[in-house]
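Structure at a glance
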Amino acid sequence: MSAPVRTRFAPSPTGYLHLGGARTALFNWLYAKKLGGTFVLRVEDTDEARNTEEARAAIFEGMEWMGLAWEGPFYQSERSDIYLKWFEKLVTADRVYEDDGAWRFRFDRKPITMQDLVCGEVTIDYTDESNTPDMVVRRSDGSFVFHFVNVVDDLTMGITHVIRGEDHLMNTPKHLQLIEAFGETAPQYAHIPLILNSDGSKMSKRDVGAALGDYSKQGFSSPAVVNFIALLGWSPKDDSEIFSLQELIEKFSLESVNRSPGRFDAEKCEWVNQQHLLALTPDKFVEAAAGYCETTPTPEMLKSIQEKVSLLTQVPDAVSFYLDPEYPIDSEPLAKVKGNDSAGALLTALAETFQGLTDWSDPKSVIGSTAKAHGAKPGQLMFPLRIALSGKAGGPDLGAILEILGKEECLRRIQRFTALLS
């Protein structure tokens, strides 16, 4: 019977959580969840000069925001005794030797072939020592290098699958040599493609979209960002693109990870976010949107603009006309209305009709009849009315605006606007 699946994410706390790191964590988490396994968080914090508490917190906060739970965290800085014991195994086996105070691992001079679950078969020939010199595993100051502690951690933590970036692909044969020297069984490896910018350049930490922590500030929802990250180098068998976290778990497989790099597309990311916002229940949208508003719109105001925003940071502007009695009127639609000679008269007639209504439950229903009574089409009245009530050419459904503002405020706004027209 095969061992339960155990995957891991092993970031270094030297900066914010990068989009590529977030994707590595996500793919490991999805794979473990799909197969009923465990996802381990291991912090590679042995570089004391570069590690920061702020960076460590950013890793945890980012993963929590994504909805990923983990076993751990385990800190390499607390595992020195374990590394010493495993180093002694190499000393006993005569697989290390001292060189200028440092210790090198003696490679077996033979080809090493690995079966990567994404990249396929990869072979590195260690026969020629000039091309593949023995590697340092312990520095002259006594500290251990990445390759050594990485392998020891994976073995002692029972990691069964190592899913990491393609930039680590050439490290794996070195790790396989170490594992063989220890007399242990290697995990399975899967190296996922890099993430490129839209122009094809490799995404760096300074590029737009690289910092996971920026997404919430920019108005993205966590499920949407997780969905978008999953699509960077992976795709399901069908053409679907919008998934909940549970759907991602069900659909994810390493077989569906692409060999070609993922391309970051800011517009696609915003579109995915919009689809997730549209899929929320109105009450859930209100809950998500309210946190982005300094003032306090009513739930009805927020519900009315759910279909009109793609980012939650757009919410305050989208509802601003409700809350500002002296709302500004955009110049372009104002000029368009002024070009319609009948707009003022139509709005005045509509105001009279509104004034006579005793039931304000469906004020939109009288717009068509008012326009028709004055020889106009409904659209000739609806556009000026929208500008009169909101100052904008686009926005919520006109019926929702009328009902939310109420009869007296609608009349006041129409009168304010007609005065401006005249």
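So, here is what we can say about the structure in this document. (Residues numbered from 1 in each chain as written. Predicted model: local features only at pLDDT ≥ 70, side-chain atom pairs only at ≥ 80, totals over all residues. Heavy atoms only, no water.)

Given two aromatic rings, one states the distance between the centres and the angle between the planes to describe the pair. Taken as a whole and judged by the stated rule, the model has 17 aromatic pairs. Judged by centre distance (4.6 Å) and plane angle (50°), the rings of Phe107 and Tyr126 are tilted. A residue pair is termed long-range when its members are at least 10 positions apart, and Phe107 in the loop between strand S5 (102–105) and strand S6 (111–116) and Tyr126 in the loop between strand S7 (120–125) and strand S8 (135–138) qualify at 19 residues. The two residues Phe107 and Tyr126 agree in class, both being buried. Judged by centre distance (5.3 Å) and plane angle (65°), the ring pair of Tyr215 and Phe220 falls under edge-to-face. Overall, Phe220 belongs to the buried group, its relative accessible area being 7%. By the ring-pair criterion, three or more aromatic residues cluster together here, those being Tyr83, Trp86, Phe87, Trp103, Phe144, Phe148 and Phe182. Sitting above the plane of the Phe87 ring, Arg138 keeps its charged end 5.1 Å from the centroid. Seen from the ring of Tyr327, Arg416 lies directly overhead, with NZ or CZ sitting 4.3 Å from the centre. (Phe/Tyr/Trp six-rings, centres within 6.5 Å; stacked < 30°, edge-to-face > 60°. Helix = DSSP H or I, 4+ residues; strand = E, 2+ residues; numbered from the N terminus. Buried < 20%, exposed > 50% of the residue type's maximum accessible area, 1.4 Å probe, protein only. Lys NZ or Arg CZ within 6 Å of the ring centre and 35° of its normal.)

Structurally, Leu84 can be placed in helix H3 (residues 80–92). Of the residues examined, Leu84 reaches a relative accessible area of 35% and is grouped as partly exposed. C-alpha of Leu84 to C-alpha of Ser143: the two residues are 59 residues apart in sequence and 9.8 Å apart in space. With near-sequence residues (within four places) excluded, Leu84 lies in contact with Arg138 and Phe144. (Contact = heavy atoms within 4.5 Å.)

What follows deals with the sheet that holds strand S4 (residues 96–99). Working definition: the strands of a sheet are paired by backbone hydrogen bonds and lie parallel or antiparallel to each other. Taken in spatial order, the 3 strands make up an open sheet running S4-S5-S8, and their pairing is antiparallel. Edge positions in the sheet fall to S4 and S8, since each of these pairs with one other strand and no more. Direction aside, the axes of adjacent strands within the sheet are offset by 45° on average. Judged from the 3 bridges that link them, S5 and S8 form a sheet pairing that is antiparallel. What sits directly across from Phe105, in S8, is Met135. (Pairing = 2+ DSSP bridges. Axes fitted to C-alpha atoms, helices over the stretch in contact; angles between N-to-C directions.)

Turning next to the sheet that holds strand S1 (residues 6–9). A sheet is described by the order of its strands in space; here 3 strands give the open sequence S1-S2-S3, paired in parallel fashion. For this open sheet the edge positions go to S1 and strand S3 (71–75), each flanked by a neighbour on one side alone. Taking each pair of neighbouring strands and ignoring which way they run, the sheet shows an average axis angle of 25°. In terms of strand pairing, S1 meets strand S2 (residues 38–43) through 4 bridges, oriented parallel. What sits directly across from Thr7, in S2, is Phe39. Against the sheet, helix H1 (residues 19–34) touches S1 and S2, its axis set at about 165° to S1.

A few words on the side chain of Arg386. Relative to the helices and strands, Arg386 resides in helix H16 (residues 378–390). Among buried Asp, Glu, Lys and Arg side chains, Arg386 stands out as unpaired, with Asp397 the closest opposite charge at 5.9 Å. In terms of polar contacts, Arg386 uses its side chain to reach the backbone carbonyl oxygen of Pro396, at 2.8 Å. Residues within four places of Arg386 in sequence aside, it is in contact with Gly391, Lys392, Ala393, Gly394, Gly395, Pro396, Asp397, Leu398 and Ile401. (Lys, Arg positive; Asp, Glu negative; His and termini not counted. Salt bridge = Lys/Arg side-chain N within 4 Å of Asp/Glu carboxyl O. Polar contact = N/O pair within 3.5 Å; in protein donor to acceptor, adjacent residues only side chain to side chain.)

Per the stated rule, a full pass over the model turns up 24 salt bridges. For Arg95, the salt bridge goes to Asp108, with nearest N and O atoms at 3.9 Å. In this pair, Arg95 is assigned in the loop between H3 and S4 and Asp108 in the loop between S5 and S6, connecting sequence segments 13 residues apart. In this structure, the salt-bridge partner of Glu241 is Lys268, at a minimum N-O distance of 2.7 Å. One end of the pair, Glu241, is in the loop between helix H7 (222–230) and helix H8 (245–251); the other, Lys268, is in helix H9 (residues 266–279), with 27 residues separating them in the sequence. Residue class for Glu241 comes out partly exposed when judged on its relative accessible area of 30%. Its relative accessible area of 24% is what places Lys268 among the partly exposed residues.

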